[in-house]
Amino acid sequence: VKGLWADTSDKPAETKLSNGKVYKLEATSTVKRGSMSAQTPLWPQMWIKTVENPNPPAIEALIWQGVSYTNRSIIMDFGVLHFQLKYLTHTSIQIFARKDLDELILGS
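Just so you know, the residues in each chain are numbered from 1, in the order the chain's sequence is written. For this predicted model, a pLDDT threshold of at least 70 governs which residues receive local features, and a threshold of 80 or more governs which side-chain atom pairs are given and counted, while totals over whole chains, interfaces and linings are taken from all residues. Calculation of side-chain values draws on the structure's entire complement of heavy atoms; hydrogens and water are dropped beforehand.

### Overview of the overall build of the protein chain
Inclusion rule: A run of DSSP states H or I qualifies as a helix once it reaches four residues; a run of E qualifies as a strand once it reaches two. Both are numbered from the N-terminal end. Exposure categories follow from relative accessible area, calculated using a 1.4 Å probe and restricted to protein chains: below 20% of the type maximum is buried, above 50% is exposed, and the middle band is partly exposed. Contacts were defined at the residue level, with two residues in contact if any of their heavy atoms lie within 4.5 Å. Residue-level accessible areas treat just the shown protein chains as cover; the underlying method is Shrake-Rupley with a 1.4 Å probe.
Regarding its fold elements, the protein chain presents 2 helices and 7 strands. N-terminal to C-terminal, the α/β element order of the protein chain is β-α-β-β-β-β-β-β-α. The buried share of the protein chain, taken over its 108 residues, is 19%. Summarising the internal contacts of the protein chain: among those between residues at least 6 apart in sequence, 17% fall at separations of at least 24. Accessible surface for the protein chain amounts to roughly 8400 Å². Of this, 56% is attributable to carbon and sulfur atoms.

### Considering the side chain of S73
The condition is simple: In protein, a polar contact requires one atom able to donate a hydrogen and another able to accept it; more generally it is a pair of N or O atoms within 3.5 Å, and residues adjacent in sequence count only if both atoms are side-chain atoms.
Along the chain, S73 turns up in the loop between β5 (66–69) and β6 (74–77). Its relative accessible area of 2% is what places S73 among the buried residues. Within the structure, the side chain of S73 is placed 3.0 Å from the side chain of Q84, a separation counted as a polar contact. Beyond its immediate sequence surroundings of up to four residues, S73 is in contact with Q84, L85, K86 and Y87.

### Side note on the nonpolar core
Grouped burial of nonpolar side chains is what soluble globular proteins tend to show. Definition in use: To qualify as a nonpolar core, a set must consist of buried Ala, Val, Leu, Ile, Met, Phe, Trp, Tyr and Cys residues joined through side-chain atoms within 4.5 Å.
Counting residues in each nonpolar core, the largest one holds 11 residues, listed as A6, Y23, L25, V31, W43, W47, I48, I59, L62, F78 and L81. Apart from the residues lying within four places of it in its own chain, the contact partners of L25 are L4, W5, A6, V31, L42 and W43.

### A closer look at the pairing of β6
Heads up, the condition is: By this definition, two strands are paired if DSSP reports at least two bridges between them.
In this sheet, β6 lies alongside β5 in antiparallel orientation, the contact comprising 4 bridges. By the bridge assignment for β6, V67 is matched with M76. Linking β5 back to β6 in an antiparallel pair, the connection comprises 4 residues. As defined by bridge partners, β6 adjoins strand β7 (residues 82–85) across 4 bridges and the pair is classed as antiparallel. Note that in β7 the partner of I74 across the bridge is L85.

### Some words on the sheet that holds β7
Using the following cut-off: Lines fitted to C-alpha atoms define the axes here, with helix axes fitted over just the stretch in contact, and angles between the N-to-C directions of these axes take values from 0 to 180 degrees.
Ordered by their spatial adjacency, 3 strands build an open sheet running β5-β6-β7, and the pairing between neighbours is antiparallel. Two strands in the sheet have a free side with no partner beyond their single neighbour: β5 and β7. Adjacent strand axes in the sheet meet at a mean angle of 20 degrees, parallel and antiparallel pairs treated alike.

### Quick look at the confidence of the model for the protein chain
Inclusion rule: One confidence number per residue, pLDDT, is output by the predictor and ranges from 0 to 100.
In this model, the protein chain carries an average pLDDT of 81, and 81% of its residues clear a pLDDT of 70 or more. Helix α1 (residues 12–18) is the least confidently modelled element of the protein chain, averaging 59 in pLDDT, while β5 averages 94, the highest of any element.

### So, the side chain of S29
Structurally, S29 is set in the loop between β2 (23–24) and β3 (32–33). The exposure class assigned to S29 is buried, which follows from its relative accessible area of 9%. In this structure the side chain of S29 is engaged in a polar contact, spanning 3.3 Å, whose partner is the backbone nitrogen of V31. Aside from chain neighbours lying at most four places away, what touches S29 is W43 and I48.

Here it is as structure tokens:
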């Protein structure tokens, strides 16, 4: 895993941070997504850098092991962590060639 990125929400702090574009999350990120009653952090909660957890593992340590799916989600296996994306819950899946992602979306 090279990093985690998030779309800007309508929250002023996020808009200011990202200049209205997608932005890379850091280990200190507390950004959440989901419905108001069931929001979850985008950064793996057990790996958030805090006073109690000053040296969490780096997200780059995750290596993709495989994928499984249900009717409503895709589950990616990264060994010590699993990532579940529920694509019917307010999610638009977009696929980009790496070059297009870097140049057009991330602006790098």
